[in-house]
Amino acid sequence: MYNPQLDNRDFRFKVLNQQLEVIGRTRNFDGAKLYLPHKLHETTTVLYGEHPVDQSRIEVTIKFIREQQITECIHHFNVLFRRVMAAMDLVKIGRHTFDPRGSVSIPRHKLELWPGYITAIQDFDGGLMLLAEVSHRVLRTQTVLELMADIHHSARGGFRDECQKALIGCVILTRYNNKTYRIDDILWDENPLKKFTTEAGREYSYMEYYKNSYNLDISDRQQPLLLHREKKQREVEGKTKMLCMIPELCYLTGLTDDMRSDFHVMKDIGAHTRVSPTHRQFTLTKFVKNIYECPKAKEILDSWGIEILPSFIPVDGRVFKNETVIFGNNVRVSAGRQADWLKETSNSRVLRAVDIDNWTDRKSVV
């Protein structure tokens, strides 16, 4: 508990980190719950820290609730594993994490694939287990500003209306910090020359900020700004926190409907995303190996006495016989291991043909 209350989650972490002499360096904090491998001397411990911005006094109250069994700490272990992923410099997009260092470029379609992992720690009969799966994230090498330029050259209607339709609701990636944001609005009356005040009280224009913070030069000074409202809508001094971003520095993510309907695009993407069981096992084994080769990640696990076995848990499975598909004229075709009989469907007769006398547009059916 913080007194006065800190709505900013980052400030809570910073104030708590000032108390390492009491709570120790091994801890797990998600912004509300604090997990420690040892019990503090008092049931209720009151500590004091300084506000990260104005250095005002903040009272921190840590109250002991109870000791938990290992099976009750599923949330704790999942939070801990997210720290392991962050220590490996993996980028969180949505609920999953991805590795930009292993990106695969598809220049023909202006796309890029980031390999990643879906992970969860759960309790099973054999104890706590790490569930892991291979995933991929499709990114575009095209910036928002480039897309707006394409719309300007090809739009038949109003340029601003077309940009609103194409961009609002899209998720973008800022490569200078590898974070994703949702576009909530386009500020047509603003540009990179606009000035804003940081939380530290300093005033910058957006051009100055990106030059000083990331050594990035903005070429188009008249481009509008993209607006992102924080999902949790934290309030700072009574105002909803909003972020403005530069289209020139924002990259699009995901696929458009036109891309999904393009056979060549999906074929080239599938060549990288369709992973065989053998390759999936190799990738996950390498993932565990990379955890132990990362000093920061290994330190987090060792501090809590956690070990991840490099081998998989064997599970008994059933192998079904190949099904036989029967067509007209008693033609029998084996579906094969891939359960694919599309070719035979087009070359063989059906068992019974059905006349379609009434053709109705699907869109008109209620």
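Keep in mind that this is a model prediction, so the values were computed, not measured.

With that out of the way, let us pick up the sheet that holds strand β4 (residues 44-50). Ordered by their spatial adjacency, three strands build an open sheet running β1-β5-β4, and the pairing between neighbours is antiparallel. Unpaired on one side and paired on the other, β1 (2-3) and β4 mark the two borders of the sheet.

Let us now look at the pairing of strand β20 (residues 250-253). In terms of strand pairing, strand β10 (residues 127-143) meets β20 through two bridges, oriented antiparallel. For L139, the partnering residue across the bridge sits in β20 and is T253. Where strand β11 (residues 171-174) meets β20, three bridges bridge the pair, whose relative direction is antiparallel. From the neighbouring strand, T174 faces β20, where its bridge partner is C250.

Turning next to the pattern of salt bridges. For the coordinates displayed, the defined rule picks out 11 salt bridges. Between E133 and R280 there is a salt bridge, and its shortest N-O distance comes to 2.8 Å. Of the two residues, E133 is situated in strand β10 and R280 in helix α9 (residues 277-293); the sequence distance between them amounts to 147 residues. Relative accessible area serves as the criterion here: at 31%, E133 is assigned to the partly exposed category. With its nearest N and O atoms 2.8 Å apart, the salt bridge here joins D302 to K298. Here D302 pairs with K298, and both are found in helix α10 (residues 295-303), just four residues apart, close to one helical turn.

Within the open sheet, the three strands sit side by side as β13-β16-β19. Their pairing is antiparallel. Across the chains shown, the open sheet's two edge strands, defined by having one partner strand only, are β13 (185-187) and β19 (242-245). Recorded for the sheet is a direction-independent mean angle of 35° between the axes of neighbouring strands. As defined by bridge partners, β13 adjoins strand β16 (residues 225-229) across three bridges and the pair is classed as antiparallel. Counted as the bridge partner of D185 is L227 from β16.

On inspection of all chains with the given rule, the structure shows 12 aromatic pairs. Pairing F159 with W188 gives two aromatic rings, centres 5.8 Å apart and planes at 65°, and the pair type is edge-to-face. With F159 in helix α5 (residues 159-167) and W188 in the loop between β13 and β14 (195-197), this pair connects stretches of sequence that are 29 residues apart. Judged by relative accessible area, which is 26%, F159 ranks as partly exposed. An aromatic cluster of at least three residues, connected via ring pairs, comprises Y176, F196, Y204, Y206, Y209, Y210 and Y214. Residue placement shows K39 over the ring face of F64; its charged tip is 4.5 Å from the ring centre. The positively charged end of R57 is found above the aromatic ring belonging to Y48, 3.8 Å away from the centroid.

Glancing now at the environment of L16. Here L16 shows up in helix α1 (residues 9-16). For the pair formed by L16 and L34, sequence separation is 18 residues and the distance between their alpha carbons is 9.8 Å. Every residue in contact with L16, bar those within four places of it in the chain, is listed here: Y2, I23, F29, L34 and I62.

Cut-offs used in this document
- Residues numbered from 1 in each chain as written.
- Predicted model: local features only at pLDDT ≥ 70, side-chain atom pairs only at ≥ 80, totals over all residues.
- Heavy atoms only, no water.
- Pairing = 2+ DSSP bridges.
- Helix = DSSP H or I, 4+ residues; strand = E, 2+ residues; numbered from the N terminus.
- Salt bridge = Lys/Arg side-chain N within 4 Å of Asp/Glu carboxyl O.
- Buried < 20%, exposed > 50% of the residue type's maximum accessible area, 1.4 Å probe, protein only.
- Axes fitted to C-alpha atoms, helices over the stretch in contact; angles between N-to-C directions.
- Phe/Tyr/Trp six-rings, centres within 6.5 Å; stacked < 30°, edge-to-face > 60°.
- Lys NZ or Arg CZ within 6 Å of the ring centre and 35° of its normal.
- Contact = heavy atoms within 4.5 Å.

Functional significance is not addressed by these values, which are geometric in nature.
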